[in-house]
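# Examining the three-dimensional arrangement
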Amino acid sequence: MKKITIIILVILAMLNIAEAQTSSRGSSQAKLEAGVSLGYYSGMGFQVFGMISDFAKDFPLSARIGIGYTSVNPGKSAEARRIFINDATNGTPEKSGRTWDYRLDLLYKVNILSLKRAYALIGPRHAKFTGNFKYIGGNEDFDITGSQWGLGAGLESYFAMSNKIDLVITGGLDYYFNSRLTGHDTSYSPDGDNVNPRNDYVYKDADEAIGQPKLEPRLMFGFTYKF
């Protein structure tokens, strides 16, 4: 919730910058847009974002911040139980997973495929993963969580639908670095600093069993509104 609040405050700050430039220069120089996208990103998900352009004279890049939510496959139920809790096999497994991702993109206009408004994008990402595993009748219900930094790049194009609204299509690829995975009273770290590891399991075993973000293709369709 704290990161969501920060992103909302940054979007509002971007709006204030645009308004301040309008007042100081007598005409609107900075351009602000906000939007929403839906599509595939390790599963079906959505993103909301705010973008500012032309906020500095002759600066060629636009800046965008966003927050997204994706429903994901959390991993392998039986292996998650063995690696993080115990070797019991009773109960009917149920599982669900989700990822909240936070991203900053810098966009640069490019000429490609005769598209009039195409942009290359690159920037850092941060993901908060939660996988829930239940064993109905087996008295087990636990979360496995991870928090990861990453980098992403992609290409997107805008198509005018009106003076204020654009259709936007985005394709890209994000890569997330290995990070600690925690579940129940056990955690596994890439550097081997594990807490209460089960049997002889190591981070590699946990990483292969759990579906936290790794190399993630992204295809999104959405709309932006120009202020």
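Structure: above.
Residues numbered from 1 in each chain as written. Predicted model: local features only at pLDDT ≥ 70, side-chain atom pairs only at ≥ 80, totals over all residues. Heavy atoms only, no water.

### A look at the overall build of the chain
- Per the secondary structure count, the chain includes three helices and 10 strands.
- Relative to its full complement of 227 residues, the chain shows a buried share of 41%.
- Nonlocal contacts in the chain, meaning residues at least 24 apart in sequence, comprise 66% of its contacts between residues at least 6 apart.
- Here the chain displays about 12200 Å² of accessible surface, and carbon together with sulfur accounts for 60% of that area. (Helix = DSSP H or I, 4+ residues; strand = E, 2+ residues; numbered from the N terminus. Buried < 20%, exposed > 50% of the residue type's maximum accessible area, 1.4 Å probe, protein only. Contact = heavy atoms within 4.5 Å. Areas by Shrake-Rupley, 256 points an atom, 1.4 Å probe, with all protein chains shown as cover.)

### Digging into the nonpolar core
- Judged by nonpolar contacts, the single largest core of 16 residues is most densely connected at Phe-84, Phe-133, Phe-142, Ile-144, Leu-181 and Ile-210.
- One finds Met-51, Tyr-119, Leu-121 and Val-168 within the second-largest nonpolar core, a separate group that totals six residues. (Core = buried A, V, L, I, M, F, W, Y, C linked by side-chain atoms within 4.5 Å.)

### Focus: the layout of surface pockets
- Looking at the largest pocket, its volume works out to about 390 Å³.
- Surrounding the largest pocket, 19 residues form its lining, Lys-31, Glu-33, Ser-53, Asp-54 and Tyr-119 being those nearest its centre.
- Here the lining of the largest pocket gets three residues from one element, more than from any other, and that element is strand β1 (residues 31-40).
- Its residues assigned to classes, the lining of the largest pocket comprises nine nonpolar, four polar and six charged. (1 Å grid on protein atoms, 1.4 Å probe; cavity = no way out; pocket = protein on both sides within 12 Å on 5 of 7 lines; lining within 4 Å. Points joined across faces, edges and corners; volume = space filled by probe spheres on them. Nonpolar A, V, L, I, M, F, W, Y, C, P; charged D, E, K, R; others polar.)

### Some words on the pattern of salt bridges
- Summed over the entire model, instances satisfying the criterion amount to 13 salt bridges.
- Taking the shortest distance from any N to any O, the salt bridge between Lys-31 and Asp-54 comes out at 3.3 Å. Taken together, the positions of Lys-31 in strand β1 and Asp-54 in the loop between β2 (44-53) and β3 (61-72) put the pair 23 residues apart, joining distant regions of the chain.
- Residue class for Asp-54 comes out partly exposed when judged on its relative accessible area of 29%.
- Counted as one network, the salt bridges with shared partners bring together Arg-64, Asp-101, Arg-103, Asp-105, Arg-125, Glu-156 and Asp-174. (Salt bridge = Lys/Arg side-chain N within 4 Å of Asp/Glu carboxyl O.)

### As for a nonpolar patch on the surface
- There is a patch of nonpolar side chains on the surface, built from Trp-149, Leu-151, Leu-173, Tyr-175, Phe-177 and Leu-215 and spanning about 650 Å² of accessible area.
- Among the secondary structure elements, those contributing two or more residues to the nonpolar patch are β6 (140-160) and β7 (165-176).
- On the secondary structure map, Tyr-175 appears in strand β7. (Patch = residues over 30% accessible without salt bridge, like charges linked within 9 Å, V, L, I, M, F, W, Y side chains within 5 Å.)

### Re the side chain of Asp-166
- Along the chain, the position of Asp-166 falls in strand β7.
- Take Asp-166: its relative accessible area is 0%, and that puts it in the buried class.
- Looking at Asp-166, its side chain comes within polar contact range of the side chain of Arg-117, at 2.6 Å.
- If sequence neighbours within four positions are ignored, Asp-166 has contacts with Arg-117, Tyr-158, Phe-159, Ala-160, Met-161, Gly-222, Phe-223, Thr-224 and Lys-226. (Polar contact = N/O pair within 3.5 Å; in protein donor to acceptor, adjacent residues only side chain to side chain.)

By themselves these figures say nothing about function.
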